[in-house]
Amino acid sequence: MSEPRPSLARRWGWNSLRLRLLLAIAAWVVVGIGGIWISAVSLFARHVEQGYHEELEVHVRELAGLIRLQPDGTPVLTRPLSDPRYLVPMSGFYWQVNVDGHAPLRSRSMRRGELDEQVAHSAEVLHRIDKGPSGPAITYGFVAKGPQGQDVHYMIATDQRLLDATIADFTRDLTVWLAGLAVTLLLTGAAVVLFAFEPLDRLALAIGRLRRGDRAALKGKLPYEIAPLADDLNAYIAHNAEMVERARVEAGNLAHSLRTPLAVIIDEAERLSRDPRTAGSAQVLLDHSQRMAQQIELRLARARAAVSGALPGAVSRIDEVLPSILSALQRLHPGIRFDLTQPSDDPATLPIDPTDLTELLSNLIDNAGKWARARVTVTVTANAAGGVVTIVDDGPGLTAEQRAMAGEPGLRFDPARPGSGLGLAIARDLAQAHGLSLTLSDRSDGLAGLQVRLA
Ligand SMILES: Nc1ncnc2c1ncn2[C@@H]1O[C@H](COP(=O)(O)OP(=O)(O)O)[C@@H](O)[C@H]1O
Ligand SMILES: [Mg+2]
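- If you check an unreviewed UniProt entry, the protein chain appears there as histidine kinase from Novosphingobium aerophilum.
- UniProt annotates the protein chain under Subcellular location (unreviewed entry) with the comment "Membrane".
- UniProt, in its Catalytic activity (unreviewed entry) section for the protein chain, records the words "ATP + protein L-histidine = ADP + protein N-phospho-L-histidine."

1. Comments concerning the overall build of the protein chain
Argument step 1. Regarding its fold elements, the protein chain presents 9 helices and 14 strands.
Argument step 2. Over its C-alpha trace the protein chain gives a radius of gyration of 51 Å, far above what one expects of a compact globule, namely 23 Å for 455 residues.
Argument step 3. Judged by the C-alpha coordinates and their principal axes, the protein chain covers about 165 × 45 × 35 Å.
Argument step 4. Scored against the burial criterion, the 455 residues of the protein chain give a buried share of 37%.
Argument step 5. Nonlocal contacts in the protein chain, meaning residues at least 24 apart in sequence, comprise 60% of its contacts between residues at least 6 apart.
Argument step 6. Counting every atom, the protein chain has about 26000 Å² of accessible surface; 60% of that belongs to carbon and sulfur.
Argument step 7. In the protein chain, 48 positive and 51 negative side-chain charges are present, and the distance between their average locations comes to 4 Å.

2. Focus: helix H6 (residues 318-332)
Argument step 1. With 15 residues, H6 ought to run about 21 Å at 1.5 Å a step, and its terminal C-alpha atoms sit 21 Å apart, in line with that.
Argument step 2. Within H6, burial applies to Ile 318, Val 321, Leu 322, Ile 325, Leu 326 and Leu 329. When H6 is viewed along its axis, its buried side chains cluster within an angular range of 130 degrees and face the same direction. Among the exposed residues of H6, those pointing more than 90 degrees away from its buried face are Glu 320 and Arg 331.
Argument step 3. Summarising the contacts, the buried residues of H6 are in contact with strand E8 (316-317), strand E9 (337-341), strand E10 (349-350), helix H7 (354-371), strand E11 (375-383) and strand E12 (386-393).

3. Some thoughts on the domain arrangement of the protein chain
Argument step 1. Parsing the protein chain into structural domains produces domain 1 (68-156), domain 2 (228-310) and domain 3 (316-454).
Argument step 2. Between the C-alpha centres of domain 1 and domain 3 the distance comes to 114 Å.

4. A few points about the UniProt feature "domain: Histidine kinase" (unreviewed entry) in the protein chain
Argument step 1. Per the UniProt entry, the sites bearing "domain: Histidine kinase" (unreviewed entry) are residues 253-455 in this numbering.
Argument step 2. With 51% helix and 18% strand, residues 253-455 has its two end C-alpha atoms placed 31 Å apart.

5. Some points on the layout of surface pockets
Argument step 1. In this model, the largest pocket occupies a volume close to 740 Å³.
Argument step 2. Surrounding the largest pocket, 37 residues form its lining, Asn 367, Lys 370, Trp 371, Gly 423 and Leu 424 being those nearest its centre.
Argument step 3. Those elements that provide at least two residues to the lining of the largest pocket are helix H5 (279-310), H7, E12, helix H9 (423-433) and strand E14 (450-454).
Argument step 4. No other element matches H7, which puts 8 residues into the lining of the largest pocket.
Argument step 5. For the lining of the largest pocket, the class distribution of residues is 18 nonpolar, 8 polar and 11 charged.

6. Describing the pairing of strand E5 (residues 126-132)
Argument step 1. Note that E5 and strand E6 (residues 135-145) share 7 bridges and pair antiparallel. Within the sheet, the bridge partner assigned to Arg 128 lies in E6 and is Thr 139.
Argument step 2. Remark: 2 residues form the turn of the hairpin made by E5 and E6, two consecutive strands paired antiparallel.

7. Description of H7
Argument step 1. If you check H7, its first and last C-alpha atoms are 26 Å apart, about what 18 residues at 1.5 Å a residue would give, namely 26 Å.
Argument step 2. For H7, the set of buried residues is Asp 356, Leu 357, Leu 360, Leu 361, Asn 363, Leu 364, Ile 365, Asp 366, Ala 368 and Gly 369.

8. Here we look at the site of ligand 1
Argument step 1. The environment of ligand 1 is formed by 18 residues, the closest being Asn 367, Asp 393, Ser 420, Gly 421 and Leu 424.
Argument step 2. In this structure, an oxygen atom belonging to ligand 1 sits 2.8 Å away from a side-chain N or O atom of Asn 367.
Argument step 3. The contact in question runs from an oxygen atom of ligand 1 to an N or O atom on the backbone of Gly 421, over 2.8 Å.
Argument step 4. Relative to its free-state accessible area of 530 Å², ligand 1 is covered by the protein chains to the extent of 95%.
Argument step 5. Applying the majority rule of atoms within 2 Å of the grid points places ligand 1 in the largest pocket.

9. As for the sheet that holds E5
Argument step 1. One open sheet accounts for 5 strands, arranged E4-E3-E7-E6-E5; its pairing is antiparallel. Edge positions in the sheet fall to strand E4 (105-106) and E5, since each of these pairs with one other strand and no more.
Argument step 2. Across 2 bridges, strand E3 (residues 93-99) lies against E4 in antiparallel orientation. What sits directly across from Gln 96, in E4, is Arg 106.
Argument step 3. Where helix H2 (residues 17-66) meets the sheet, it contacts E3, E5, E6 and strand E7 (151-159), and its direction lies at approximately 145 degrees from that of E7.
Argument step 4. Across the sheet, helix H3 (residues 160-212) touches E3, E5, E6 and E7, and the angle it forms with E7 is around 35 degrees.

10. What to know about the packing of aromatic side chains
Argument step 1. The tally for this structure, following the rule as stated, stands at 3 aromatic pairs.
Argument step 2. Each ring, one from Phe 44 and one from Phe 170, has its centre 3.7 Å from the other, and the planes form 15 degrees; the classification is stacked. Taken together, the positions of Phe 44 in helix H2 and Phe 170 in helix H3 put the pair 126 residues apart, joining distant regions of the chain.
Argument step 3. For the cation-ring pair, Arg 61 lies above Phe 142, with the distance from its terminal atom to the ring centre recorded as 6.0 Å.
Argument step 4. Above the face of the Phe 93 ring, Arg 85 is positioned so that its terminal group lies 3.8 Å from the ring centre.

11. Notes on the sheet that holds E9
Argument step 1. If you walk across this open sheet you meet the 5 strands as E9-E11-E12-E14-E13, and the pairing is mixed. In the strand order of this sheet, the two ends are held by E9 and strand E13 (438-442), each with one partner. Each neighbouring strand pair of the sheet contributes to a mean axis angle of 15 degrees, computed without reference to strand direction.
Argument step 2. Lying over the sheet, H7 contacts E9, E11, E12, E13 and E14, oriented at roughly 25 degrees with respect to E12.

Here is what the cut-offs are and how they apply
Residues numbered from 1 in each chain as written. Chains lettered and ligands numbered in written order. Predicted model: local features only at pLDDT ≥ 70, side-chain atom pairs only at ≥ 80, totals over all residues. Heavy atoms only, no water. UniProt positions renumbered as here; feature names shortened; annotations may be inferred. Helix = DSSP H or I, 4+ residues; strand = E, 2+ residues; numbered from the N terminus. Rg over C-alpha atoms; globule rule 2.2 N^0.38 Å. Buried < 20%, exposed > 50% of the residue type's maximum accessible area, 1.4 Å probe, protein only. Contact = heavy atoms within 4.5 Å. Areas by Shrake-Rupley, 256 points an atom, 1.4 Å probe, with all protein chains shown as cover. Lys, Arg positive; Asp, Glu negative; His and termini not counted. Charge placed at Lys NZ, Arg CZ, Asp CG, Glu CD. Expected span 1.5 Å × (residues − 1). Arc of directions from axis to C-beta. Domains from an automatic or database assignment. 1 Å grid on protein atoms, 1.4 Å probe; cavity = no way out; pocket = protein on both sides within 12 Å on 5 of 7 lines; lining within 4 Å. Points joined across faces, edges and corners; volume = space filled by probe spheres on them. Nonpolar A, V, L, I, M, F, W, Y, C, P; charged D, E, K, R; others polar. Pairing = 2+ DSSP bridges. Near = heavy atom within 4 Å. Polar contact = N/O pair within 3.5 Å; in protein donor to acceptor, adjacent residues only side chain to side chain. Sits in = over half its atoms within 2 Å of the grid points. Axes fitted to C-alpha atoms, helices over the stretch in contact; angles between N-to-C directions. Phe/Tyr/Trp six-rings, centres within 6.5 Å; stacked < 30°, edge-to-face > 60°. Lys NZ or Arg CZ within 6 Å of the ring centre and 35° of its normal.

Structure representation (structure tokens):
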């Protein structure tokens, strides 16, 4: 018997530790990866910008070194700048030299537009973002004196979009990488949660087995943190079992101590009933003592059924209790043939302890033997829930109304035969206490007789 694991929806539902932990991991990953993303992008942008600025400053100084003024003051470039991008038309890299009274000298890349001389008004290299030939440009410039004391303005510009594109490229790559990392972290997080909670599933399964009566204690190796829980539960179960056992012993002792005096009273009353002078009172005594004896039996049986039914973990193999019951009843009803059919390979079980099962089956089979004409058949079958016992006799059987009332303490439909009228009541109590179903019916083959089914 194995109980299905709780459904996936329940294990990962709103009320699950698993989901809480997974959400916490997700929040953690979002904060961590988000933080890395923001700081990496801003650091990278700063470094790239700094690199750009340093490069442009070098370029503007190189430009100044390569410019000669002719005797009339016209600026000429003695040789191209080392960076070839200043030669490619509209490449985004431009330079320009202005000398007062002369046309500006421009890089070959600069097919149109011009650079604003304003940035080059100080002997120190300054920079700002200006409108360039092909969009906003980072412009560097400074002013120096020519041989005749005239102002020479040197300017270099690079399109802002080139810098932006570099940063955007990096940001895109970084985003893809970090998203991949986030997904991987979430998946490993889910795996961690699965791994960490597996023992709790095992504990739940073990408790399920305990409740169904497959086991009498929690078994299996559990992690250090929850092992004490299982130990405490086992100790509690053991303590309960001990208390039940003590209650049982006490109940037995009580029965014993009351039975003997009661038997003496009944005996005495019977003797007195034979004397005509005391017969009336003796009969009253007799009736009441018998009622007392019945009530003692019934109450004790009920108390026993209630305590043992409350204990988890009890289970009996039906094939282990039946043979001794049948051999005892065979001696009690010598004229009746008792037949037993039970599966040999698959032992049928019932969630009830062997003592109670013996008492229950004894009462039922004893009734069958008492009312049968010749034959009682006991059939055991195993099923997924454990087992079923069916007892069939060939006696008079019971009508539907009688069956509905059967099990009332003290109720007997055939007072001619000896009995207390408690057997069925006790059987009912025991079955109910252990969650078993006890049904009386006509025989399924249509012949006269009673069929009793315990499952
Ligand atoms: N197998 C049976 N066939 C016919 N009648 C039965 C059978 N089992 C029980 N009964 C009826 O149910 C009554 C109650 O049974 P039970 O509680 O065992 O009392 P008792 O056996 O002491 O009479 C019996 O008196 C009898 O009339
Ligand atoms: Mg009986």
